[in-house]
Amino acid sequence: MFVLRQCLTLGTKSSVRNFAAATNLVNVKINEDTGVVIMELNKPPVNSLNYELLEAMHRTLVKLENERCSGMILTSSSPNTFSAGLDLLEMYKPTVDKARKFWGMLQNTWIKLYSAPYPTVAAINGHSPAGGCLLAMSCEYRIMVPKKKIGLNETQLGIVAPQWFQDCMKNIIGSRQAEKALIAGTLFSSEEAAKIGLIDELATDKEDLMKKAHDFMDEQLGLPPLARSTVKIGFRKDTLNRLINSREVDTKYFIDFIFQPKVQESLEMYLQALKKK
Amino acid sequence: MFVLRQCLTLGTKSSVRNFAAATNLVNVKINEDTGVVIMELNKPPVNSLNYELLEAMHRTLVKLENERCSGMILTSSSPNTFSAGLDLLEMYKPTVDKARKFWGMLQNTWIKLYSAPYPTVAAINGHSPAGGCLLAMSCEYRIMVPKKKIGLNETQLGIVAPQWFQDCMKNIIGSRQAEKALIAGTLFSSEEAAKIGLIDELATDKEDLMKKAHDFMDEQLGLPPLARSTVKIGFRKDTLNRLINSREVDTKYFIDFIFQPKVQESLEMYLQALKKK
Amino acid sequence: MFVLRQCLTLGTKSSVRNFAAATNLVNVKINEDTGVVIMELNKPPVNSLNYELLEAMHRTLVKLENERCSGMILTSSSPNTFSAGLDLLEMYKPTVDKARKFWGMLQNTWIKLYSAPYPTVAAINGHSPAGGCLLAMSCEYRIMVPKKKIGLNETQLGIVAPQWFQDCMKNIIGSRQAEKALIAGTLFSSEEAAKIGLIDELATDKEDLMKKAHDFMDEQLGLPPLARSTVKIGFRKDTLNRLINSREVDTKYFIDFIFQPKVQESLEMYLQALKKK
């Protein structure tokens, strides 16, 4: 642990300092004593994942890696939503170039988060559908407040979750539960998610959520970091390599999909309905 | 769904019509309003899977695919048995040619059933050992009446369930449970099967069984069919390809096995014992 | 079963006889009536796995295979420990040659145990960390006395369990549970181990342990041995081949690891602390 602490003592005075202030899309606070980072998604109202938010997350993850943070808690500043998933505006009438950049940044961000050498825990303080569920599943441990929804619900929208989204779910809840959930595009309540193992712990409220997240982190900080991260990466390398070795195919699949006239029509209808609300 | 309904309105007047009347080994009824098909195995007394029954099933599945049925419920006309599994008479003193045709039809039927694009549910209204269990496991969802038996019990008969039978079980109940069940050739009671996830739901009786089957089907019919089937096939393609890429080896293994003098002796003893009953 | 009994009637008079008396590191008793062998690790105080104990186990396993024993119960003569795992003295200032021989014998012993054609059950009568857990996991079934500890706790010691240790655990408790346990190096109580499926049954005491082990064995002896062992090997072949095809890499990894000056320092400190006790 001493190595990490060394890296993080960068001359600030308070024990908690702000980080990456170049953007306010992601609030990052480091506890200088422990090296634990809280990374709070801050794109109101529902942290929809557009290029700018993903880019801010990616930049933060690169920085954390170089500063060797000792652990990261991922959460949200939104009162009811962890993240609503991919921003549909990124898919509505984009140029090929813009769509390609967006998808590439999603891939980049996921690769960094999924392969982070330090312990990661999702403090899921609100709804977490689709891409929001992916972020949660990419952490090592998931704790969630009651009575919210989580799941890969792509099927319900008429689309198919990418293979790496599906792989993340299979790794957590097993093949049969994942098959059922992905075919139906199930959104689980927090309570159901705890039952099938999609989340690891249920918190009573937001305060309890952060307490439990820190408890998990404390346990992990007591472990030898190199052995810990070697085991973690060993478990995740097949899933990582599956995407890394097919990034171009995965991107092409996304682009071919969104450029279908029917998909653009659906998006237009959906976005107009949202506007009226 | 409108596409399916269109395909199925073939000029009949009643809302449920018979289908594939060329054989009575399989009763097929379509609800013209929903496109849901009930496929009832009807080879008394126990739906043992011989060439003719498999061929009738296969022909029906091909037809359903072309007519794009919206969903299929697999059940049995027998009062106590879903299917007793492969017909041993097909293995007793066959010609190589006959054995090869039989096994090939079993493979064909399984490939069609396992890869059906529409939702499939097994309404297991009786015992379902060995090949009967395979049929049930090849559907997407399993509901079963109480106090019957289900499982791959091949080991108890001194034979080994083919790899694809084993793969189906592993995909449903996981590696460890499947290892124990397949080594011991366990026949589970309906209640035990529900506990380990080999079946998804326990019905109280036959009426409840069909109600629950229709409930599951209704849920599935509410989902966008193309996204649904794409996810399903994604989950099943490895298991399908494993057989498709080794059909000849799989067939040769079966034929070498049944032509062993010891196996023929065992079959003779077993069949004579059955006759006396 | 008659074949096995034939092989084992070697002219002794008592129904239980000693076996492999050339070493007392492993007590081996055969029940001549059933062919069931009890293999008791007997290297006080805690059955730490050094070259000699592994070699005695390996020699016994080869002998059992040739004599086609009908089943084997693995247990320990120690009052509180099944096996404490690998003997650290084998890693402290060894020659490359000695380290290589040690690791090769561990691989040999595991391959024989994991692929044994007869049923194997671990009667875990005490603590079973690290290499002790590997031995237990390599049997087909695990029964354990209450209030002891079992697990792959390598991470806690700053080291990484070899891939084949990890594979054994994944096969038993599934990917997600194994990921959590291996990242944290969790030592489970007997009760927790039963809950997640790391052990199959909890015994009330040592007498009950041996009774339950014999009950499991009786069930297995009722099954056709060839079908039984074919299914077993089918389930284990991928894990076995993964090591067999990378033995040299696996050995090199071990040797490179223990020859690191930091590792030797840690071992020295640890062994001196043990001496003082």
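Residues numbered from 1 in each chain as written. Chains lettered and ligands numbered in written order. Predicted model: local features only at pLDDT ≥ 70, side-chain atom pairs only at ≥ 80, totals over all residues. Heavy atoms only, no water.

A. Representation of the sheet that holds strand β11 (residues 188-189) of chain B in the model. In spatial order, the strands read β8-β10-β11 (chain B); together these three strands make up an open sheet with mixed pairing. Each having just a single partner strand, β8 (128-129) and β11 of chain B make up the two edges of the open sheet. (Pairing = 2+ DSSP bridges. Helix = DSSP H or I, 4+ residues; strand = E, 2+ residues; numbered from the N terminus.)

B. Inspection of the relation of the copies chain B and chain A at higher detail. The transformation that overlays chain B on chain A combines an axial shift of 0.0 Å with a rotation of 120°, and the residual RMSD is 0.0 Å. The operation mapping one copy onto its partner corresponds to a three-fold rotation axis. Of the C-alpha atoms belonging to chain B, the one lying closest to the rotation axis is found on G174(B), 4.4 Å away. (Least-squares fit on C-alpha atoms with pLDDT ≥ 70 in both.)

C. Region of the structure containing the pairing of strand β9 (residues 141-144) of chain B. Residue and element names in this part refer to chain B. Every second residue of β9 is oriented toward a common face, with Y141 and I143 on one face and R142 and M144 on the other, all of them buried. Pairing of strand β7 (residues 120-124) with β9 involves four bridges; the strand directions are parallel. Paired with I124 across the bridge in β9 is M144. Pairing geometry for β9 and strand β12 (residues 201-202), over two bridges, is parallel. Of the residues in β12, the one forming a bridge with I143 is E201. (Buried < 20%, exposed > 50% of the residue type's maximum accessible area, 1.4 Å probe, protein only.)

D. Examining the pairing of strand β5 (residues 71-76) of chain A more closely. Residues and elements named next belong to chain A. Counting buried residues in β5 gives six out of six residues, a clear majority hidden from the surface. Across three bridges, the pairing between β5 and strand β7 (residues 120-124) is parallel. Counted as the bridge partner of I73 is V121 from β7.

E. The arrangement of the interface of chain B and chain A in detail. Taken residue by residue, the interface counts 17 residues in chain B and 17 residues in chain A. With both chains or domains summed, chain B and chain A bury close to 1400 Å², and 62% of this area falls on carbon and sulfur atoms. The largest share of the area that chain B buries against chain A comes from L223(B), V231(B) and F235(B), three residues that together contribute 41% of it. Remark: the boundary between chain B and chain A carries three salt bridges. Two residues, R236(B) and E179(A), come together in a salt bridge whose shortest N-O distance is 3.2 Å. At the boundary of chain B with chain A, the tally comes to four residue pairs in polar contact (both at pLDDT 80 or more). (Contact = heavy atoms within 4.5 Å. Buried area = accessible area lost by both parts, 1.4 Å probe. Salt bridge = Lys/Arg side-chain N within 4 Å of Asp/Glu carboxyl O. Polar contact = N/O pair within 3.5 Å; in protein donor to acceptor, adjacent residues only side chain to side chain.)

F. Main features of the packing of aromatic side chains. Inspection of every chain in the model, using the stated rule, returns 23 aromatic pairs over all chains. Ring geometry for W164(A) versus F165(A): centroids 5.0 Å apart, planes at 70°, classification edge-to-face. Since its relative accessible area comes to 3%, W164(A) is described here as buried. Aromatic pair F102(B) and F254(B): ring centres 6.1 Å apart, planes at 50°, arrangement tilted. In this pair, F102(B) is assigned in helix α3 (residues 96-114) and F254(B) in helix α10 (residues 247-258), connecting sequence segments 152 residues apart. Judged by its relative accessible area of 0%, F102(B) is buried. Feature note: the residues F102(A), W103(A), W110(A), Y114(A), W164(A), F165(A) and F254(A) constitute an aromatic cluster, connected by ring pairs. (Phe/Tyr/Trp six-rings, centres within 6.5 Å; stacked < 30°, edge-to-face > 60°.)

G. Inspection of helix α4 (residues 130-138) of chain C at higher detail. The buried count for α4(C) comes to nine of nine residues, which makes it a mostly enclosed element. Along α4(C), the residues that are buried comprise A130(C), G131(C), G132(C), C133(C), L134(C), L135(C), A136(C), M137(C) and S138(C).

H. Structural detail: the pattern of salt bridges. With the rule as written, the count across this model stands at 48 salt bridges over all chains. Of the charged contacts in the structure, one is a salt bridge between K180(A) and D200(B), with a shortest N-O distance of 3.0 Å. Remark: D200(B) occurs in the loop between α7 (190-196) and β12 and K180(A) occurs in helix α6 (residues 175-184); the pair is interchain, linking two chains. A relative accessible area of 19% means that D200(B) is categorised as buried. E65(B) serves as the salt-bridge partner of K112(B), at 3.5 Å between the closest nitrogen and oxygen. Taken together, the residues K112(B) in helix α3 and E65(B) in helix α2 (residues 51-67) connect sequence positions 47 residues apart.

I. View of empty space enclosed by the protein. Overall, the coordinates contain five cavities of 30 Å³ or more when judged by the stated rule. The computed volume of the largest cavity comes to approximately 90 Å³. Taken together, Y114(A), M137(A), C139(A), R142(A), C168(A), N171(A), I172(A), F235(A), R236(A), S175(C), R176(C) and E179(C) make up the lining of the largest cavity. Those elements that place two or more of their residues in the lining of the largest cavity are α5 (163-173) and α9 (225-244) of chain A together with α6 (175-184) of chain C. Residues of the lining of the largest cavity, tallied by class, amount to six nonpolar, two polar and four charged. Of the volumes computed, that of the second largest cavity is approximately 70 Å³. Lining the second largest cavity we find S175(A), E179(A), Y114(B), M137(B), C168(B), N171(B), I172(B), F235(B) and R236(B). Every element with two or more residues in the lining of the second largest cavity is listed here: α6 of chain A together with α5 (163-173) and α9 (225-244) of chain B. (1 Å grid on protein atoms, 1.4 Å probe; cavity = no way out; pocket = protein on both sides within 12 Å on 5 of 7 lines; lining within 4 Å. Points joined across faces, edges and corners; volume = space filled by probe spheres on them. Nonpolar A, V, L, I, M, F, W, Y, C, P; charged D, E, K, R; others polar.)

J. Layout of the environment of P45(C). Assignment of secondary structure puts P45(C) in the loop between β3 (36-41) and β4 (48-49). With 36 residues separating them in the primary sequence, P45(C) and T81(C) have C-alpha atoms 8.2 Å apart.

K. Local environment of the packing of α6(A) against α9(B). Put simply, α6(A) and α9(B) touch, their axes get as near as 9 Å, and they point 165° apart. As the angle between them shows, α6(A) and α9(B) are arranged roughly antiparallel. Between α6(A) and α9(B) the crossing geometry is right-handed. Facing α6(A), whose interface residues are S175(A), A178(A), E179(A), L182(A) and I183(A), α9(B) presents R228(B), V231(B), K232(B), F235(B) and R236(B). Looking at side-chain class alone, the contact of α6(A) with α9(B) contains five nonpolar, one polar and four charged residues. (Axes fitted to C-alpha atoms, helices over the stretch in contact; angles between N-to-C directions. Parallel < 35°, antiparallel > 145°, perpendicular 65-115°, else oblique. Left-handed = near helix turned anticlockwise from the far one by under 90°.)

L. Structural view of the nonpolar core. Ranked by internal contacts, the top residues of the largest apolar core, which has 67 residues, are V26(B), M72(B), L74(B), W110(B), I150(B) and M169(B). Dropping the residues within four chain positions of it, M72(B) is found in contact with V37(B), M39(B), L61(B), L64(B), L113(B), Y118(B), P119(B), T120(B), V121(B) and M217(B). (Core = buried A, V, L, I, M, F, W, Y, C linked by side-chain atoms within 4.5 Å.)

M. Representation of the interface of chain B and chain C. Each partner contributes residues to the interface: chain B has 18 residues there, and chain C has 17 residues. Between chain B and chain C the total buried area reaches about 1400 Å² when both faces are included, carbon and sulfur atoms providing 61% of it. Of all residues in chain B, R176(B), E179(B) and I183(B) bury the most surface against chain C, accounting for 43% of the area lost on that side. Applying the counting criterion to the chain B and chain C interface returns three salt bridges. Viewed at the interface, chain C and chain B are joined by four residue pairs in polar contact (both at pLDDT 80 or more).

N. Region of the structure containing the packing of helix α3 (residues 96-114) of chain A against helix α10 (residues 247-258) of chain A. All names here are of chain A. For the pair α3 and α10, interaxial distance at closest approach is 10 Å and the crossing angle is 135°. Considering the angle they form, α3 stands oblique to α10. The two elements α3 and α10 cross, and the hand of that crossing is right-handed. Along its contact with α3, which presents V96, A99, R100, F102, W103, G104, Q107, N108 and I111, the element α10 presents R247, E248, D250, T251, F254, I255 and I258. Grouping the constituent residues of the contact of α3 with α10 by class yields eight nonpolar, four polar and four charged.

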